[in-house]
Amino acid sequence: MTAGFRKLIVFACVLVIAGGGYLAWEQYQRMHRGGPPKGIVGQVACQLRLRDVKASNLSPDDQPFLTNCLMGGYITKSDLDDVGLSP
């Protein structure tokens, strides 16, 4: 009985660790999915999004996208001021 109980505990621990790893990976993917691309492509994507916002073509994810652009250094606070989005 002791060997069966140990196997059950080991299986439960492996299951919990695997489940936690899966949830952590999903959270990581979710966080990085909404961000701008890297490099020059990211800079162009951020500038295009600013242009769309200025032209009143708004989408629900404008704020998080532009926040990521600002934190990534692709745009400046004055760029946001120019389109009327002062933080």
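Here, the structure is the one placed above.
About the thresholds
Residues numbered from 1 in each chain as written. Predicted model: local features only at pLDDT ≥ 70, side-chain atom pairs only at ≥ 80, totals over all residues. Heavy atoms only, no water. Helix = DSSP H or I, 4+ residues; strand = E, 2+ residues; numbered from the N terminus. Buried < 20%, exposed > 50% of the residue type's maximum accessible area, 1.4 Å probe, protein only. Contact = heavy atoms within 4.5 Å. Phe/Tyr/Trp six-rings, centres within 6.5 Å; stacked < 30°, edge-to-face > 60°. Lys NZ or Arg CZ within 6 Å of the ring centre and 35° of its normal. Salt bridge = Lys/Arg side-chain N within 4 Å of Asp/Glu carboxyl O. Core = buried A, V, L, I, M, F, W, Y, C linked by side-chain atoms within 4.5 Å. Arc of directions from axis to C-beta.

Colleague: How should the side chain of R49 be read in this particular structure?
Modeller: Locating R49 in the fold gives a position in helix α2 (residues 39-54). Here R49 falls in the buried class, since its relative accessible area comes to 18%. Discounting residues that sit within four places of it in the chain, R49 has contacts with S59, D61, D62, F65 and L66.

Colleague: How should I be thinking about the packing of aromatic side chains in this particular structure?
Modeller: Within a pair of aromatic rings, the relevant descriptors are the distance that separates the centres and the angle that separates the planes. All chains considered together, the criterion is met by one aromatic pair. A cation sits over an aromatic face here: R49 above F65, 4.1 Å from the ring centre.

Colleague: How should the pattern of salt bridges be read in this particular structure?
Modeller: Opposite charge on two side chains allows them to pair when their charged atoms are near. Under the defined criterion, the tally for this structure stands at two salt bridges. Here K77 makes a salt bridge to D81, at a shortest N to O gap of 3.4 Å. Residue K77 and its partner D81 are located together in helix α4 (residues 77-82), separated by four residues, close to a single helical turn. Residue classification places D81 among the partly exposed positions, given a relative accessible area of 33%.

Colleague: Any chance you could explain the nonpolar core here in plain terms?
Modeller: Inside soluble globular proteins, nonpolar side chains tend to come together where they are buried. Core analysis: the largest hydrophobic core is formed by ten residues, namely C46, L50, V53, F65, L66, C69, Y74, I75, L80 and V83. For this core, the secondary structure elements donating two or more residues are α2 and α3 (62-72).

Colleague: Would you mind showing me how to read α3 here?
Modeller: Note that an α-helix has 3.6 residues per turn; residues three or four places apart therefore point the same way. When we look at burial in α3, the residues that qualify are D62, F65, L66 and C69. Relative to the axis of α3, the buried residues are bounded by an arc of 90° and lie together on one face. Across α3 from its buried face, at more than 90 degrees, point the exposed residues Q63 and M71. Of the residues trailing α3, G73 is marked for its positive phi of about 85°.

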